[in-house]
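# Report on the structure
Okay, here's what each chain looks like letter by letter:
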Amino acid sequence: MSNEKKEIGVVGLGKMGAGIALQLREKGWKVSGYDPSPETTGALAAEGVQTRASLEELVDGLSAPKLVWVMVPARLPGAAEDAPSPVDEVLFGKGGLTELLSKGDVVIDGGNSYFKKAEVRANKLTEHGITFIDVGFSGGPNGARNGGCLMIGGDEASFRAHESLFRDLALKDGYQFFTGAGAGHFVKMVHNGIEYGMMQALGEGFEILKKSPYKLDLTRVTDIYNHGSVIESRLVGWLKGAFEQYGEDLEEVSGTVGHLGEGEWTAKTAHEMNIPAKIIEGSFQFRVESEKNPTFTGKVVSALRNQFGGHSVNK
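Residues numbered from 1 in each chain as written. Predicted model: local features only at pLDDT ≥ 70, side-chain atom pairs only at ≥ 80, totals over all residues. Heavy atoms only, no water.

The next point concerns unusual backbone geometry. The residue after Ala64, namely Pro65, is reached through a cis peptide bond having omega -10°. Phi at Leu250 takes a positive value of approximately 50°, unusual for a residue other than glycine. Within the fold, Leu250 resides in the loop between helix H12 (234–246) and helix H13 (262–272). The exposure class of Leu250 is buried, given its relative accessible area of 0%. (Helix = DSSP H or I, 4+ residues; strand = E, 2+ residues; numbered from the N terminus. Buried < 20%, exposed > 50% of the residue type's maximum accessible area, 1.4 Å probe, protein only.)

Turning our attention to the layout of surface pockets. Empty space within the largest pocket amounts to approximately 1,500 Å³. The biggest single contributor to the lining of the largest pocket is helix H10 (residues 183–210), with 8 residues. Residues belonging to the lining of the largest pocket are distributed by class as follows: 21 nonpolar, 19 polar and 10 charged. For the second largest pocket, the lining is made up of 13 residues, of which Met198, Ala201, Leu202, Ile231 and Val236 are closest to its centre. Take the lining of the second largest pocket: its biggest share by element is 6 residues, from H10. The residue makeup of the lining of the second largest pocket, split by class, is 10 nonpolar, 2 polar and 1 charged. (1 Å grid on protein atoms, 1.4 Å probe; cavity = no way out; pocket = protein on both sides within 12 Å on 5 of 7 lines; lining within 4 Å. Points joined across faces, edges and corners; volume = space filled by probe spheres on them. Nonpolar A, V, L, I, M, F, W, Y, C, P; charged D, E, K, R; others polar.)

Time to look at the sheet that holds strand S7 (residues 148–154). Strand order in the open sheet formed by 8 strands is S3-S2-S1-S4-S5-S6-S7-S8, with mixed pairing between adjacent strands. Both edges of this open sheet fall to strand S3 (50–52) and strand S8 (170–179), since each of them pairs with a single strand only. Between one strand axis and the next, the sheet turns by 25° as a mean value, whatever way the strands run. Inspection of the sheet shows strand S1 (residues 7–11) paired to strand S4 (residues 67–70) by 3 bridges, in the parallel sense. Looking at the pairing, Gly9 lines up with Val68 of S4. (Pairing = 2+ DSSP bridges. Axes fitted to C-alpha atoms, helices over the stretch in contact; angles between N-to-C directions.)

As a further point, take the packing of aromatic side chains. Aromatic ring pairs are defined here through the distance separating the ring centres and the angle between the ring planes. Applying the stated criterion across every chain yields a total of 9 aromatic pairs. Ring centres of Tyr114 and Phe115 lie 5.3 Å apart, and the angle between their planes is 75°; this geometry places the pair in the edge-to-face category. Here Tyr114 falls in the buried class, since its relative accessible area comes to 6%. Cluster of aromatic residues (ring-pair linked, three or more members): Tyr114, Phe115, Phe186 and Trp265. Over the ring of Phe92 we find Lys124; its NZ or CZ atom is 4.9 Å from the centre of that ring. Over the ring of Phe296 we find Lys210, and its NZ or CZ is 5.1 Å from the ring centre. (Phe/Tyr/Trp six-rings, centres within 6.5 Å; stacked < 30°, edge-to-face > 60°. Lys NZ or Arg CZ within 6 Å of the ring centre and 35° of its normal.)

Spelled out as structure tokens, the structure:
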């Protein structure tokens, strides 16, 4: 089977979903989108995406076999781990996709979902004859709009049938398939856990630099670090951008760091596997404690999250 018709519905048109919809439209896809926010759908409609007033209208407008990309939060900020997930509401809630789709249709969860929940969702959808593919999407809003890094899990035949979709959304050589429901989300979860540790190291290092007895220009430090040093990286480049945007004191940036679950899940999974993960666990715990103890290290991490992910830096 091949998805040559290049038609897709996108549920969730926030920073990531909107970028995906626009990028696919530019690459010849017929894209329909749904989001509960009229302001969000209005902005995308102005850019040529066919927006729908309801989930039912979105599904009805697609030709069979239907392909739907779900790009909603794995959980709402501050919600408990066992709280109802927006993903489950879209898939299994009243009027959700399991009630609207038919045997042979395909659902892709492109958010940062917990891999164990992906396994459960895949099994439930299979009972309805609906194929489930999980995608960990790295690259933030810019990647969604211009090409990102995709970590894909599920059944290989389903992946092959829709490989053109992933190729169109990724940078050159920027997608890989891993067998098993939840495998893509697992690879992305660990990626984000590693990311926590790398950002934490930059935050701590630059607080040491800032408080040193030398009058260091931190922007110039980021510049030299990114010219052939061992820690040369996109993160260092984003930190330079943050200093240029907010100033080296990062006065407008909160020293309290947000977190959406992936670092916690990685630490939890490592514990279950009896694997020490002190750096990842410590960087997650730092974010939790930063709520009551904001620091310059926290400002650096918050600024980095803002630069690549568009997360708020407000105090």
